[in-house]
Structures are given as C-alpha cells and as structure tokens.
Amino acid sequence: MLKQYNFKEIEEKWRKWWEKEKIFKFNSKKKGKVFSVDTPPPTVSGKMHIGHAFSYAQQDFIIRFKRMTGNVFYPFGTDDNGLPTERLIEKLKNVKSKSMPREDFIKLCLDTLKEITSDFILDWKKLGISADYDAYYSTIDENSRKISQKSFIELYKKGLIYKKKFPTIWCPECQTAIAQAELEDKQEDSLFSTLKFMCEGKELLIATTRPELLPACVAVFVNPKDKRHKHLIGKKAKVPLFDFEVPIIEDESADIEKGTGVLMVCSYGDKFDVDAINRHKLKPRIILNEDGSLNFGKYKGIKVKEARKIILSELKEKELIKEQKSISHVVNVHDKCGTEIEFLPTEQWFVKILDKKKKLIEQGKKIKWHPEFMFKRYENWVKGLEWDWSISRDRYFGVPIPVWHCKRCNKIILAEEDELPIDPMQVKKKCICGKTAEPEKKVLDTWATSSLTPQIASSLISNKVKIPFSLRPQAHDIIRTWAFYTIVKSLYHKNNIPWKNIMISGFVTLHGKKMSKSKGNVIEPQAILEKYGADALRFWAAGSKLGEDINYQEKDLITGKKLLTKLWNASKFVIMNLKDYKLEKPKKLEKIDFWVLQKVSELSNEVRNLYEEYNIAEARKKIELFFWHDFCDNYLEIIKNRIYNKKGREKESAQYTLYHTLLTILKLFSPITPFITEEIYQNYFKEYEKEKSIHISKWPTFDIKKNKDVEELGNLFIEILQKVRKYKTEKKVSLKKEIVLQIEKEKLKQIGSALEDLKAVTNAKEIKEGPFKIELPNP
C-alpha cells in the first residue's frame, strides 16, 4: 500500500476498472430476487450540479448495499427531450428554435446531444454511481419514443386523452402550453392601483395589479352580500381609459375584504378569471399574443410589463387612479425559465386526472415512502389539482404526438403500432373520406415520456424485470411531476403501482439558502471532486437524513478526508501485521478479541437493518463511531503488545480478529466510500476472499453467539482504560508512562485472562487487588 492515500490516482483507476470489468452489470441469470431501480434520468444540462451529486450519492449508498445482499438492476438514462433540452441548445448555440426550420433545429439538438452527453455522464461515473451504464437509455432515443407514442395511443383508445381548446397555462418566453406541475411561486414587487370605473355617472373603484388587462375586461363582479355595492348588480360599468361598458354581475368570488370589494374580470388574468368567464358564459376579449405582447390598438407588439407601465402612466395623466400603493405578492412563473405565466385559449392535448384524484391518492398509499412524511406532499399535490394534465407542447424538439387530423370529418387518425416511432410531419395520411389529414405539429411534454421510465428501463433487458420496481429514488421538488406522473401512467397502463419504495432526497443549501446562479452562491461538485475526491463528497452526503435539506459546509469535506486518511493508515497497520497470518481460526480466542468480534458482528447487523430502513445517516454514524472509538482508539492499542511481542495462539487470535474486523469495517463503509475500500480490499483481501470486487462480495455475517459475560468484561476493560488515560492527561504525563494500578477483587476476577492485555495497554508496572486507584510508581 502507498504511504499516503492518493485519491486522484486511485479513484480514476477503480472507476475505469469497474467499467472495463463490468462489475455493476445486471446479471439476469443470477438466481434470487432482483432489486430493481427506476433510476432518475438527469436532464442533460451541461454538467452535474451539487444537488445531483447529493441525491445520486444517497441512492447509490442503498443500491451498493443491496448489491451485497442480492441481485441489482440499476440502469442509467438521460432526460434529453423537450423544452429543457431546447433551451439548453438555444443557449449553447445562440439560436432560437422558432426562428429556424423545424428539421434544422431538431438536427442541431440531436447533433449537440452527441457532443455533450458522454462528458455529462462522466460526472456520475467520477462520483462512483454504480449504475449499469450498458443498460442505458435516452428519453429521445428510438426505443423511448416508441414506448412514449404507444402510451399516448393506448390512453387515447381508453378515452383517457382528449384534445380541447380553452384557456391553458401559457409561457410567453417558451411560447408553449405548460402543466400545473410546472408552476413555481415567485415573490414580486408590484403596484396595487385603485382605478376609477364609472357607473351611471358615479365612480366605481376597483383595485388591480394588472391594468394592462383593462382592454380585456369582460365583466365586473360584486358580492351579493356586499351592502355597499349590491344596488349596482345588473347595471353597466365603463372601463377607464378604454371607455367601453361591461356588465356588473353578482358573484360570491368577489372578496368583500380585498381592495374595494369589487372585482374586475378579464380574459385572462388568472385561473379565477377562466372559471368566472366559463361559469357566466361571457365572451372573452383576447388581447395577448403567444409571445406575451399585446395585440390591441396602439399597444400592439408591446410586451406585458412595458404595456403595464404605459397604461398606468396614461391613467395617471387622466386622473383615473384614485389610490396607489406598493405591494409584494406571489405570482406563478414557469419553472423552466422563471417567466410569469399567462392564460391563453389554445388547442392542447390532456390526460384525464381530475376524476381520478381519490384513486391516485390510494395508489400513493400503497407505496412505502422514505421518509414517510413525504407522502403528505404527494397527497396535498393531488388534492390541490385544478386542471387535467396538459401533455402537448408547442415546440420542435420532443416526442411527436402520433396523430393526424382530418378537418373535413373532424376525425383523429392514430399511427399504427408497427409504425412507431413516427413523426407525423414526415408521413402523409389519408382519411377514409379521401382527404389528406393534417399532421399534429405539437410534441409531447418531456414528463409524458419520463413518466414511463420503469417501462423504458425494463425494455432494455427484454422486460425481464416487471413493474412494480423495487425503488424510485428522487428529490422532493419533483414529487409533483415525476413521481406523480409515473404513478398516473402505471395506474392507467398496468393498474399497478410503479415501485414498492420511493426514497426522497432534500436540497443542498449554502448558508441556509437555496443555491442559485443568479445569487452567485453555487458550489460546483466538480471542484469538490478535484480538491477532496468522490469518497469525501459521498461521506458528506451520507451525513444527512433522507428528505432533509443539507447545508454545504467545507468542514464536512475535511472531516471526510480525515476519515479516509485514518482508514488508510489503520488498514496499513493491520495488513503490515498480518504478514505471517495463516488464515486459520485459533482453537480459542482471547477474551478481548472475542469481545471486539461480538461488537463488530452486532454492528454489521445494526447497519444492515439501518440500510434496509433507508436510514443512511444513522448507519454512517454507527460505522464511524465503531471505527474511530472501538477499533482505532481502543482495540488497535490493546493488541499491539501481542502483535509485536507474542507468538503462537495469543498472536494468532489477535491476527484473526484484525483480519475479520478490518474486512467488516471495509464492507460496511464500502457503499459510502467505494474507492478507498476497493483499493484496500484489492491490496490484501482479494487474494484470500476470492471475490473480484468488494462491491460484489457478501454482506458480512458472523457465527457468534452473544456472550453477556464477554460483553461486560469488554465494557469494564474499556472503562478502566479510559480512567487511566484521563489520569495521565490530567497529570500531564505521556500515555506511555508507567503506572501502578489497583482494581477491586471482583473486577480483577472478571477481567481474568484479559489482564495481560490491560497491563500492556495501560503500561502498568503492576496490577494489584484493592480499591480502585492509579498511581505513578515511586522514582
């Protein structure tokens, strides 16, 4: 073994070796139960971010453990279709998809993905993610497109997909419809302006944050319980600045306590406007274009926020503002770009979910959530759904929707299964009426494909692993999307849950705040890997409970590095003293050796149970405590005399114990710190254990019956040792300083044959019987 642990050299060596030797390749012929993982396909975004590193490390701890207790199917995929990829390509290549021919932009996306994907995946390999990279898929590859299009066709035939034109959530920046799950809340500063509408020559005051929608006003609502305005119901209100009249309607959605209590209804300011206009069958006035500009009069082509400023200025100039105050309020933005959303009437495809909310909650309850409280987030999301799932996107790069539409017959023509995958824009279809049908130009939202990852992954191995998978690991921010949509698809296609377990990771914060490029507080995992190595980063990630956010602190990486150095040095000491070890169990073990083997046996069982419960942080804590305290601080010091100065059974007992204790420690640490444990295993243990890699060796078990007497002896031994160390520290003398030790008769008898070990480790010149006392010998 090298004098010092060189993580850069060793991590690269074993990463390449694991890949070359296919250590993590799924073996479908291996007997026994398969632990199958619905691996999150990371969105190809250029490089891994710290949240990826944290979340994927946590799932890898569980998977490496499972591999040591059975057969694991752990595929790897990349999510590289749809809007996120389009935006990445637009940024990398400085283009706009809508300003290019569709075919050219799709080709540019595919070519760029070929350039960047292998380097992107390399980050995961460097972190030590033990996926079977041969079982690889891309959500835009031919197989994924086929499965996604087949899903669309099946659900359409079942009556679970429909197409409809009505006001949908629209992103003006991305110029596409989006789903409710893609909305995020954002705090925005705004002006709350009380405007002077007129009714029968009198002012009717209405407060709004969106004066640019005045030309889209279609009605004014008054609460029938509002005594101040009840008399206005049935009359007309004149819209300020634009001087057209709208009806005043009674409706309890007008909040008496908010603003003036009178509500302006526009097409469309928010989801409440959509509902109000539908309920009262009002004719909408559509004044917004798809790019977020106005299409009305002199404001034509002006974007919303600029139009707001202009209209406020004009209202002020004409003295049509009664009152104005600055406020901060929450607005809905698109999670992909941060742009405030609008509601525009467009024709889109939807999956029915609103009528299945109760069933979808029941399906969620059948899955075991780790941690358990994360189910509540899922349940609350389902209960709060207000829209069916919008699955179509007005973009270029994505899985094409496999349909054609005959305008003469108003008939939808579906692709045949043997045609899949297909791009309707490239294939002509004739309706039974003889007219050429129009191809669907829209593509499927990326979640419509990512929600099928269990089926896609299973198809890579000829469907030898069936739904439900054993595990879905993911972060908590995509419970409302990836987890929910996968549960929907699994219910609709298989009438089953997609997985038996779901483990949820938290976020990584810096100084307690979410990391953001705009805030300049982003920590790059590549820099951590370069400075501290993958094992140190993984050790840090293992310190957080599942589902909890973790605050990034460099001192935690330093702690991890110290652990690795100690493991390296302790292993060197042990291996150096096993040179003449014969690999045979002595007929009789020394009591203190039996004690430490009993402790490590209990530890192995405890850690196994903790991994089974997905309690990674507690598992790390227990392994670390045993390694530092019981093994390094105590046991290694206790047996040095026997190792250095004894022969025969006494030494053999210590060597046997060293061998099996260190091997167990390495195996327990190996899911968390895979590189250093592989290096130490290969340096010494492989020759005797015969397993090709520590990561495909068996989880350690011991044929040891718990002996209470030995346990009590060991505890007493350590108690005395600690008292001696404390005494020497207080006296400010070397720990090697000789002492005279006096121990009570009963305790002396209890220590028995371990007395020589106690004498050696405390450097006691003499151990006498009597009341407990520690003395320095007379000069």
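Everything that follows concerns the structure shown earlier in this document.
Criteria and thresholds
- Residues numbered from 1 in each chain as written.
- Predicted model: local features only at pLDDT ≥ 70, side-chain atom pairs only at ≥ 80, totals over all residues.
- Heavy atoms only, no water.
- Helix = DSSP H or I, 4+ residues; strand = E, 2+ residues; numbered from the N terminus.
- Buried < 20%, exposed > 50% of the residue type's maximum accessible area, 1.4 Å probe, protein only.
- Contact = heavy atoms within 4.5 Å.
- Areas by Shrake-Rupley, 256 points an atom, 1.4 Å probe, with all protein chains shown as cover.
- Lys, Arg positive; Asp, Glu negative; His and termini not counted.
- Charge placed at Lys NZ, Arg CZ, Asp CG, Glu CD.
- Salt bridge = Lys/Arg side-chain N within 4 Å of Asp/Glu carboxyl O.
- Core = buried A, V, L, I, M, F, W, Y, C linked by side-chain atoms within 4.5 Å.
- Phe/Tyr/Trp six-rings, centres within 6.5 Å; stacked < 30°, edge-to-face > 60°.
- Lys NZ or Arg CZ within 6 Å of the ring centre and 35° of its normal.
- Pairing = 2+ DSSP bridges.
- Axes fitted to C-alpha atoms, helices over the stretch in contact; angles between N-to-C directions.
- Polar contact = N/O pair within 3.5 Å; in protein donor to acceptor, adjacent residues only side chain to side chain.
- Expected span 1.5 Å × (residues − 1).

1. Some words on the overall build of the protein
Then comes step 1: Regarding its fold elements, the protein presents 23 helices and 29 strands.
Then comes step 2: Here the protein, with 779 residues, has 55% of them falling under the buried criterion.
Then comes step 3: The contacts in the protein between residues at least 6 apart in sequence include a share of 78% that link residues at least 24 apart.
Then comes step 4: Looking at the protein as shown, the accessible area adds up to about 35900 Å², and 48% of this sits on carbon and sulfur atoms.
Then comes step 5: Once the 143 positive and 110 negative side-chain charges of the protein are each reduced to a mean point, those two points are 2 Å apart.

2. Notes on the pattern of salt bridges
Then comes step 1: For the structure shown, the criterion picks out 59 salt bridges.
Then comes step 2: Between Asp335 and Lys336 there is a salt bridge, and its shortest N-O distance comes to 3.1 Å.
Then comes step 3: When its relative accessible area of 24% is taken as the criterion, Lys336 is described as partly exposed.
Then comes step 4: Taking the shortest distance from any N to any O, the salt bridge between Lys376 and Glu379 comes out at 3.0 Å. Taken together, the residues span about one helical turn, with Lys376 and Glu379 both in helix 9 (residues 374-383) at a distance of three residues.
Then comes step 5: If you follow the salt bridges from partner to partner, you end up with Glu182, Asp335, Lys336, Arg393, Asp445 and Arg480 in one network.

3. Quick look at the nonpolar core
The nonpolar side chains of soluble globular proteins are, as a tendency, buried together.
Then comes step 1: Ranked by size, the top nonpolar core spans 191 residues in total, and within it Trp389, Phe484, Trp540, Tyr611, Phe631 and Leu741 carry the most contacts.
Then comes step 2: If we skip the residues at most four places from it in the chain, Tyr611 touches Phe61, Ile62, Phe65, Ala619, Ile623, Leu668, Pro671, Ile672 and Trp699.
Then comes step 3: By size, the runner-up hydrophobic cluster in this structure holds 36 residues, among which are Leu204, Cys266, Ile287 and Leu320.

4. Observations concerning unusual backbone geometry
Then comes step 1: Leu420 connects to Pro421 through a cis peptide bond whose omega is -5 degrees.
Then comes step 2: Topologically, Pro421 is positioned in the loop between strand 19 (411-414) and strand 20 (438-439).
Then comes step 3: The omega torsion across Ile467 and Pro468 is 5 degrees, close enough to zero to call that bond cis.
Then comes step 4: Structurally, the position occupied by Pro468 is in the loop between helix 11 (453-459) and strand 22 (469-475).
Then comes step 5: For Leu583, which is not glycine, the phi torsion reads 60 degrees and is therefore positive.
Then comes step 6: Unusually for a residue other than glycine, Asn763 sits at a positive phi of about 55 degrees.
Then comes step 7: Within the fold, Asn763 resides in the loop between helix 23 (755-762) and strand 28 (764-769).

5. Structural notes on the packing of aromatic side chains
Within a pair of aromatic rings, the relevant descriptors are the distance that separates the centres and the angle that separates the planes.
Then comes step 1: Per the stated rule, a full pass over the model turns up 41 aromatic pairs.
Then comes step 2: Clustering of aromatic rings is evident, with ring pairs tying together Trp369, Phe375, Tyr378, Trp389, Phe484 and Tyr485.
Then comes step 3: One residue, Arg620, lies across the ring of Phe539, its end atom 3.9 Å from the ring centre.
Then comes step 4: Seen from the ring of Phe573, Lys640 lies directly overhead, with NZ or CZ sitting 5.6 Å from the centre.

6. Re the sheet that holds strand 22
Then comes step 1: Taken in spatial order, the three strands of this open sheet run 15-23-22, and their pairing is parallel. Either end of the sheet is taken by a strand with one partner, and the two such strands are strand 15 (368-370) and strand 22. Here the average twist between neighbouring strands, direction ignored, is 20 degrees.
Then comes step 2: Here strand 15 pairs with strand 23 (residues 499-505) via three bridges, running parallel. Of the residues in strand 23, the one forming a bridge with Trp369 is Ile502.

7. Points about the side chain of Arg393
Then comes step 1: Relative to the helices and strands, Arg393 resides in strand 17 (residues 392-393).
Then comes step 2: For Arg393, a relative accessible area of 3% corresponds to the buried category.
Then comes step 3: Reaching out from Arg393, the side chain makes a polar contact with the backbone oxygen of Ala177 at a distance of 3.2 Å.
Then comes step 4: Of note is the side chain of Arg393, whose polar atom sits 3.2 Å from the backbone oxygen of Ser390.
Then comes step 5: Look past the residues within four positions of Arg393 in its chain and what remains in contact with it is Thr176, Ala177, Ile178, Ala179, Glu182, Lys442, Val443, Leu444 and Asp445.

8. Considerations on the environment of Gln655
Then comes step 1: Structurally, Gln655 is set in helix 19 (residues 649-669).
Then comes step 2: Note: C-alpha distance between Gln655 and Lys579 (76 residues apart in sequence) is 9.6 Å.
Then comes step 3: Discounting residues that sit within four places of it in the chain, Gln655 has contacts with Asn577, Leu578, Asp580, Tyr581 and Ile643.

9. Quick look at the sheet that holds strand 24 (residues 508-510)
Then comes step 1: Sheet architecture is open: three strands sit in the order 25-24-26, paired in mixed fashion. Each having just a single partner strand, strand 25 (513-514) and strand 26 (550-551) make up the two edges of the open sheet.
Then comes step 2: Relative to strand 26, strand 24 runs parallel, the two sharing two bridges. Among the inter-strand pairings, Val508 is bridged to a residue of strand 26, identified as Ile550.

10. Remarks on the side chain of Ser55
Then comes step 1: The topology assignment puts Ser55 in helix 2 (residues 50-67).
Then comes step 2: When sequence neighbours within four positions are dropped, the list of residues in contact with Ser55 reads Gln474, Ala475 and Ser505.

11. Looking at helix 5 (residues 142-157)
Then comes step 1: Taking 1.5 Å per residue, 16 residues should reach 22 Å; helix 5 reaches 23 Å between its end C-alpha atoms and fits that length.
Then comes step 2: Regarding helix 5, the residues found buried are Ser144, Ile147, Ser148, Gln149, Ser151, Phe152, Ile153 and Leu155.
Then comes step 3: The N-capping residue of helix 5, defined by a side-chain oxygen 3.2 Å from the backbone nitrogen of Asn143, is Asp141.
Then comes step 4: A positive backbone phi angle near 80 degrees is found at Gly159, which sits one or two residues after helix 5.

12. Here's the deal with the environment of Lys271
Then comes step 1: For Lys271, the position within the fold is in helix 6 (residues 271-279).
Then comes step 2: For the pair Lys271 and Ile169, spaced 102 residues apart in sequence, the C-alpha separation works out to 8.6 Å.
Then comes step 3: Leaving out residues up to four positions away in the same chain, Lys271 has contacts with Phe343, Glu386 and Trp387.

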